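Observations on chain architecture
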Amino acid sequence: MKISGNTFIVTGGASGLGEAAVRKLVKEGGNAVIIDVNVDGAEKIAQELGTDRVLAPGKVDVTEEEPVKKALELALEQFGSLAGAVICHGVLGAPPSVTGYGPGNALTSYEQMKFVAGINFLGVYNVAQKVAEILIKQEPLAEDGERGAIILISSIAGLDGSLVSYGTTKSAVAGMILPFAREVAPFGVRVMGIAPGVFQTPMTQVLTDNQDAANSLLQMFPRRMGQPLEFADLVAFIFETPMLNGSLIRIDAGVRLQV
Ligand SMILES: NC(=O)c1ccc[n+]([C@@H]2O[C@H](COP(=O)([O-])OP(=O)(O)OC[C@H]3O[C@@H](n4cnc5c(N)ncnc54)[C@H](O)[C@@H]3O)[C@@H](O)[C@H]2O)c1
């Protein structure tokens, strides 16, 4: 599927990897719709790249159904159709204000797991399923009958057994890729996953600030954090490559987390 002239939903598009995906899709001639709770960030990107190309439909929490539906309606009103989505929002943990979790509380609490799962797991399906419902009813975009593609963002933490709440939810996202791909395949929709390694974004600021901690994770080559543009290039490649379906791609410089 080509990117130029097509429209893509990007959750978490106001920051980090999602923002890089928005910029790449627009650079390649596509349009982007940012679904994010960070209204200021989304607005700023839309103003910079052009509101004719980027829609920032206000605050949209992926854990809620109605705001997501409304945002998708606005997307269709402005752009007419969709070609896919990058489900790229996420949280590393729950803030102590939500869970009481913090120094002294060594075990991940149930409240923390519930908070993180709501966003990183159920929030992923909430948006992905609603985008799929739109895609399967549209006309094919290509001669082979393709109606679009959805990319779910997992993490190497979910594959390497790191971080109880974050890693478990990211493992669940990895597990969603194949059954979801099988469900939408008869309609010409593809589902792929990306498991990023350690990338330089606001989520990993603590590692950018502490190179010793970063170096202890980055044992392979190249021994540096990934740049968001390198992730965005892979997003574009997946959209443009019809034979990619039902799989998860690690983009991690060979890193295997040991913690
Ligand atoms: N940065 C990394 O090293 C790395 C590694 C592996 C996986 N990932 C995954 O990549 C994705 C992007 O991460 P990032 O590093 O760009 O993080 P980030 O913190 O820069 O961006 C995450 C975005 O998600 C949004 N978000 C959070 N909760 C939301 C909610 N309830 N509803 C809507 N939007 C919400 C935030 O506002 C933010 O804009 C996440 O799924 C993350 O788990 C990142």
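Please read all numbers here as calculations on a predicted model, not as lab measurements.

Moving on to the pattern of salt bridges. For the coordinates displayed, the defined rule picks out 13 salt bridges. Two residues, E28 and K24, come together in a salt bridge whose shortest N-O distance is 3.2 Å.

Attention now moves to the side chain of Q138. You can see Q138 is positioned in the loop between α5 (110-135) and β5 (148-153). Within the structure, Q138 has its side chain in polar contact with the backbone oxygen of L82 (distance 2.6 Å). Beyond its immediate sequence surroundings of up to four residues, Q138 is in contact with L76, S81, L82 and R147.

Two quantities define a packed helix pair, namely the angle between the helix axes and the distance between the axes. Close contact between α5 and helix α7 (residues 164-184) brings their axes to 9 Å; oriented N to C, the two are set at 20°. Considered as vectors, α5 and α7 are oriented roughly parallel to each other. Along this stretch, α5 crosses α7, giving a crossing that reads as right-handed. Where α5 abuts α7, its residues Q112, M113, V116, A117, N120, F121, V124, Y125, A128, Q129 and A132 lie against V164, S165, Y166, T168, T169, K170, A172, V173, M176, F180, E183 and V184. Looking at side-chain class alone, the contact of α5 with α7 contains 15 nonpolar, six polar and two charged residues.

Let us now look at the sheet that holds strand β6 (residues 189-196). Within the open sheet, the seven strands sit side by side as β3-β2-β1-β4-β5-β6-β7. Their pairing is parallel. Each edge of the open sheet carries a strand with a single partner, namely β3 (54-55) and β7 (248-251). By the bridge criterion, four bridges tie β6 to β7 in an arrangement that is parallel. Counterpart to G193 in the pairing with β7 is L248.

This part is about the site of the ligand. Near the ligand, the surroundings consist of 28 residues, among which S15, D36, Y166, F199 and T201 are the closest. D36 places a side-chain nitrogen or oxygen 2.6 Å from an oxygen atom of the ligand. Between the ligand and the protein, one listed contact pairs an oxygen atom with a side-chain N or O atom of K170 at 2.7 Å. Protein coverage of the free-state accessible area of the ligand, which is 830 Å², stands at 92%. Of all the elements in the fold, those that place two or more residues in the shell around the ligand are α1 (16-27) and α7.

Attention now goes to the nonpolar core. The biggest cluster of nonpolar side chains holds 35 residues, and the ones touching the most others in it are I9, I150, L152 and F180. Broken down by secondary-structure element, the contributors of at least two residues to this core are β2 (31-35), α3 (65-79), β4 (84-87), α5, β5, α7 and β6. Residue contributions to this core peak at nine residues, all from α5. Here L152 is in contact with I87, V124, A128, V173, M176, I177, F180, V191, M192, G193 and I194, once residues within four sequence places are set aside. Of all hydrophobic cores here, the second largest spans 33 residues; its members include A14, L17, V26 and I151.

Here is what the cut-offs are and how they apply
- Residues numbered from 1 in each chain as written.
- Predicted model: local features only at pLDDT ≥ 70, side-chain atom pairs only at ≥ 80, totals over all residues.
- Heavy atoms only, no water.
- Salt bridge = Lys/Arg side-chain N within 4 Å of Asp/Glu carboxyl O.
- Helix = DSSP H or I, 4+ residues; strand = E, 2+ residues; numbered from the N terminus.
- Polar contact = N/O pair within 3.5 Å; in protein donor to acceptor, adjacent residues only side chain to side chain.
- Contact = heavy atoms within 4.5 Å.
- Axes fitted to C-alpha atoms, helices over the stretch in contact; angles between N-to-C directions.
- Parallel < 35°, antiparallel > 145°, perpendicular 65-115°, else oblique.
- Left-handed = near helix turned anticlockwise from the far one by under 90°.
- Nonpolar A, V, L, I, M, F, W, Y, C, P; charged D, E, K, R; others polar.
- Pairing = 2+ DSSP bridges.
- Near = heavy atom within 4 Å.
- Areas by Shrake-Rupley, 256 points an atom, 1.4 Å probe, with all protein chains shown as cover.
- Core = buried A, V, L, I, M, F, W, Y, C linked by side-chain atoms within 4.5 Å.
- Buried < 20%, exposed > 50% of the residue type's maximum accessible area, 1.4 Å probe, protein only.

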